[in-house]
Amino acid sequence: MSTFTKIALVGAGGAVGKPMLDSLLAGGVAKVVVLSRPESTTTFPPHSSLTVEKVNYDDVNAIAATLRKHSVEVLISAVNNDGVEAQIVLADAAKQAGVQLFVPSEFGMPTEGVTEGLLALKSEVAEYSKSIGLPVARVYTGLLTEYTEWVGSMPEKGKFFVLGSGDKEFSLTSRSDTGGFVAYAVTSLPPAKLQNATFRLEGDRVTIAGLASLFHELRSIDVERVDKFPEDMSYVQLKTDLVDRFNVGKGSATYDSVQGKELGPSVKSNSLWEGHKWRTVREVIGASQ
């Protein structure tokens, strides 16, 4: 069976969506349909393979009609965390339109088996999609490398705070590698390898303490070990929960919450993208100075 050639993308102007769109167009895919909210002011450079359709994300019938209009085979969602629950509508529309594969916005820690918080919401979207007969591809990346500073840095105090032991390795994958892999997978791998598949990516591995050392080396940011993040740190509870997860070894793209264990490097999907050089955390931090 041939690979997919007609792709729809939601969230194409975002942190992960933009590199996906760029990679799809650079790869020569026949058709990319960007679904954009009517009120969105995001613009996209003209391209012979690109069509932009304005559609309300809460209108199942309108989305389905747009997908049918372009004979879309794959729907990719790169919505941010605020839009995770709204993907149920996208799934219903994709099923109605006969879409063959849905790639929901995972792009972070593994969600299967998680029962609380944002990861649980992501898992619910994927499980719901499968329950209505819509094949799903889940892509786990660990932390997006460009957001590493966010987990401990407090610019106004000029410090990177290491919460707890900080000695467990976790996975990181850059936005460009994430977007590039998804574009490669949906246009190069056989549909049977994509439908209801889980892909685990890892551009690099590092500990929180190691990450702090890199910021000290590359950006001269002071490092301080703490038992609790400062109360005035932005998103302090979210960051605390994330780092706590890292500190107990659950920050890897190869961790499985269903079995409650690390599965190891053999389950990584990096090798599917033959010949690709994955960006290291040092490269990303150094390039963003």
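Calculation notes
Residues numbered from 1 in each chain as written. Predicted model: local features only at pLDDT ≥ 70, side-chain atom pairs only at ≥ 80, totals over all residues. Heavy atoms only, no water. Helix = DSSP H or I, 4+ residues; strand = E, 2+ residues; numbered from the N terminus. Buried < 20%, exposed > 50% of the residue type's maximum accessible area, 1.4 Å probe, protein only. Pairing = 2+ DSSP bridges. Axes fitted to C-alpha atoms, helices over the stretch in contact; angles between N-to-C directions. Contact = heavy atoms within 4.5 Å. UniProt positions renumbered as here; feature names shortened; annotations may be inferred. Core = buried A, V, L, I, M, F, W, Y, C linked by side-chain atoms within 4.5 Å. Domains from an automatic or database assignment. Expected span 1.5 Å × (residues − 1). Parallel < 35°, antiparallel > 145°, perpendicular 65-115°, else oblique. Left-handed = near helix turned anticlockwise from the far one by under 90°. Nonpolar A, V, L, I, M, F, W, Y, C, P; charged D, E, K, R; others polar.

Chemist: Mind showing me how you'd approach the side chain of Ser 171 here?
Modeler: Note that Ser 171 resides in strand β10 (residues 170-173). Looking at Ser 171, the relative accessible area reads 0%, which means it is buried.

Chemist: Please clarify how the sheet that holds strand β2 (residues 31-36) should be interpreted in this entry.
Modeler: Pairing between the strands of a sheet comes from backbone hydrogen bonds, and it takes one of two forms, parallel or antiparallel. Reading across the sheet, the five strands line up as β3-β2-β1-β4-β5 and stay open at both edges, with parallel pairing between neighbours. Of all the strands in the sheet, just β3 (50-54) and β5 (101-103) have a single pairing partner and so form its edges. The sheet shows a mean angle of 20° between the axes of neighbouring strands, direction not considered. Where strand β4 (residues 74-77) lies against β5, three bridges are found, and the strand directions are parallel. For Ile 76, the partnering residue across the bridge sits in β5 and is Val 103. Across the sheet, helix α2 (residues 60-69) is in contact with β1 (6-10), β2, β3 and β4; its angle to β2 comes to roughly 165°.

Chemist: Sorry, what's going on with the UniProt feature "domain: NmrA-like" (unreviewed entry) in the protein chain here?
Modeler: Mapped onto this numbering, the UniProt entry annotates "domain: NmrA-like" (unreviewed entry) at residues 6-283. In this annotation, residues 6-283 is assigned 33% helix and 20% strand; the end-to-end C-alpha distance for the span is 33 Å.

Chemist: For this particular structure, what's the right way to read the nonpolar core?
Modeler: A general feature of soluble globular proteins is that nonpolar side chains tend to end up buried together. Grouped together as the largest cluster of nonpolar side chains are 35 residues, with contacts concentrated most on Leu 21, Ile 76, Val 103 and Val 186. Mapped by element, the contributors of at least two residues to this core are β1, α1 (17-26), β2, β4, β5, β6 (137-140), α5 (175-188) and β11 (197-200). Each of domain 1 (6-141 + 174-200) and domain 2 (143-172 + 203-257 + 272-287) contributes no fewer than three residues to this core. Setting aside anything within four residues of it in sequence, one finds Val 186 in contact with Phe 4, Ile 7, Leu 24, Val 74, Ile 76, Leu 101, Val 103 and Leu 194. The next biggest cluster of nonpolar side chains, apart from the first, holds 28 residues, and it includes Val 114, Val 151, Val 226 and Val 281.

Chemist: I would appreciate a short explanation of helix α8 (residues 236-247) in the present structure.
Modeler: An α-helical segment advances 3.6 residues per turn. Residues three or four places apart therefore align on the same side. Taking 1.5 Å per residue as the helical rise, α8 with its twelve residues ought to reach 16 Å, and the 16 Å between its terminal C-alpha atoms agrees with that figure. Taken together, the buried positions of α8 are occupied by Lys 239, Thr 240, Leu 242, Val 243, Arg 245, Phe 246 and Asn 247. Elements that come into contact with the buried residues of α8 comprise α4 (117-131), β7 (143-144), β8 (153-154), β9 (159-163), β10 and α7 (208-219). Gly 249 occupies a position one or two residues after α8 and carries a positive phi of about 80°.

Chemist: I would appreciate a short explanation of the packing of helix α3 (residues 87-97) against α4 in the present structure.
Modeler: Between two packed helices, the angle of one axis relative to the other and the distance separating the axes together describe the packing. With their axes 10 Å apart at the nearest point, α3 and α4 run at an angle of 20° to one another. Here α3 is positioned roughly parallel relative to α4, judged by the angle of their axes. Read as a crossing pair, α3 and α4 show a hand that is right-handed. Between α3 and α4, the contacting residues are Gln 87, Ile 88, Ala 91 and Asp 92 on the first element and Val 125, Tyr 128 and Ser 129 on the second. Its residues assigned to classes, the contact of α3 with α4 shows four nonpolar, two polar and one charged.

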